[in-house]
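Descriptive structure summary
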Amino acid sequence: MVSSPSIFPSKAGGVPAWLDPLNIPSGRSSVCDICGDPLQFLLQVYAPTEKETTFHRMLFVFMCPSMKCLLRDQHEQWKRHPEKPSRSVKVFRCQLPHVNPFYSPECPQYNESHKPSGSGAALCDWCGTWKGDKLCSSCRQARYCSEKHQIMSWRLGHKIACQQMKVSSPVSGPNKSGTTSLESHKVGSKNLWPELRSPLKMKVNIIETCLRKYLS
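Residues numbered from 1 in each chain as written. Predicted model: local features only at pLDDT ≥ 70, side-chain atom pairs only at ≥ 80, totals over all residues. Heavy atoms only, no water.

**Looking at the overall build of the protein chain**
Counting secondary structure elements, the protein chain contains four helices and six strands. Going from N to C terminus, the protein chain has its helices and strands arranged as β-β-β-α-β-β-β-α-α-α. If you take every contact in the protein chain between residues at least 6 apart in sequence, the share linking residues at least 24 apart comes to 67%. With the model as given, the accessible surface of the protein chain reaches about 12700 Å², and the carbon-plus-sulfur share is 55%. (Helix = DSSP H or I, 4+ residues; strand = E, 2+ residues; numbered from the N terminus. Contact = heavy atoms within 4.5 Å. Areas by Shrake-Rupley, 256 points an atom, 1.4 Å probe, with all protein chains shown as cover.)

**Observations regarding the pattern of salt bridges**
By the definition in use, this model includes four salt bridges. Among the salt bridges present, the one from K11 reaches E195, with a minimum N-O distance of 3.0 Å. Taken together, the residues span a long stretch of sequence, with K11 in strand β1 (residues 11–12) and E195 in the loop between α3 (183–188) and α4 (201–215) at a distance of 184 residues. Taking relative accessible area as the criterion, E195 reaches 38% and is therefore assigned partly exposed. Put simply, D37 and K148 hold a salt bridge, and the shortest N to O gap is 2.8 Å. Of this pair, D37 sits in the loop between β1 and β2 (40–46) while K148 sits in helix α2 (residues 147–168), and the two are 111 residues apart along the sequence. (Salt bridge = Lys/Arg side-chain N within 4 Å of Asp/Glu carboxyl O. Buried < 20%, exposed > 50% of the residue type's maximum accessible area, 1.4 Å probe, protein only.)

**As for the nonpolar core**
The nonpolar side chains of a soluble globular protein tend to be buried, and buried together. Membership of the largest hydrophobic core comes to 32 residues, with the highest contact counts inside it found for F8, L19, F60, F62 and W130. Secondary-structure elements contributing two or more residues to this core are β2, β3 (56–63), β4 (89–96) and α2. Not counting residues within four places of it along the chain, the set of residues in contact with F60 comprises P16, A17, W18, L19, F41, L43, Q44, K90, V91, F92 and C94. (Core = buried A, V, L, I, M, F, W, Y, C linked by side-chain atoms within 4.5 Å.)

**Concerning the confidence of the model for the protein chain**
When pLDDT is averaged along the protein chain, the result is 79; 70% of the residues meet or exceed 70. Per-residue pLDDT stays below 50 along residues 177–182; that stretch engages in 18 contacts with residues further than four places along the chain or on separate chains. (pLDDT = per-residue confidence, 0-100.)

**A closer look at the sheet that holds β3**
The strands making up a sheet associate through hydrogen bonds between their backbones, and the pairing can be parallel or antiparallel. With antiparallel pairing, the four strands of this open sheet are ordered in space as β1-β2-β3-β4. With one partner strand each, in any of the chains shown, β1 and β4 form the two edges of the open sheet. Note: β3 against β4, eight bridges, orientation antiparallel. In the sheet register, V61 faces β4, and the bridge partner there is V91. (Pairing = 2+ DSSP bridges.)

**Focus on the environment of P101**
Locating P101 in the fold gives a position in the loop between β4 and β5 (134–135). What makes P101 exposed here is its relative accessible area of 61%. Expressed as a C-alpha distance, the spacing of P101 and D20, which sit 81 residues apart in the sequence, is 9.3 Å.

**Topic: the environment of V61**
Within the fold, V61 resides in strand β3. Accessibility expressed as a relative area gives 12% for V61, which makes it buried. Between the alpha carbons of V61 and V91 there is a distance of 4.6 Å; along the sequence they are 30 residues apart. Excluding anything up to four places from it in sequence, V61 contacts F41, L42, L43, V89, K90 and V91.

Written out as structure tokens, the structure is:
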């Protein structure tokens, strides 16, 4: 079974390494049910099984950075049957069979063959996490997952970069790749939680045990 940490990392912070680079949660799934802001990536755990249908399996945990929302969520969970449960912490599971469109079924050789084939969904140029479905109406280059991230990007640098992008590539189309290379993401990434991998080994084992019970 392929379980290389460099290909399928279990980690906390930074941006998620989506197992399926195309089918990424979107819409209401990607925002806090309480404040409506995009959720922030907390951690991911690679937890494959011996089954063919779950040869690759990743669990992603996201949460709202607002303590006010987290406390309200906690209060909601105290209720036995809330009429409309609101969640500020969400867990997503992604699983792929051994033979799938993205990864080679062969043991990775740590060259280009171990990377997902083809380009993934275009991501938000501010957070690098969610789908960038919204285009900047001026430069038609920058992509955003939400109005909030577009406003933050505009205030913290894209207002200037937008004009430069229009001059340097006036006829090119929007960024369609699954990567984020704009200056706005360099600024936005400063608001992400620091990425941790190696120090997580023992913690990940504990988390995996809990999550396996959750997934079973």
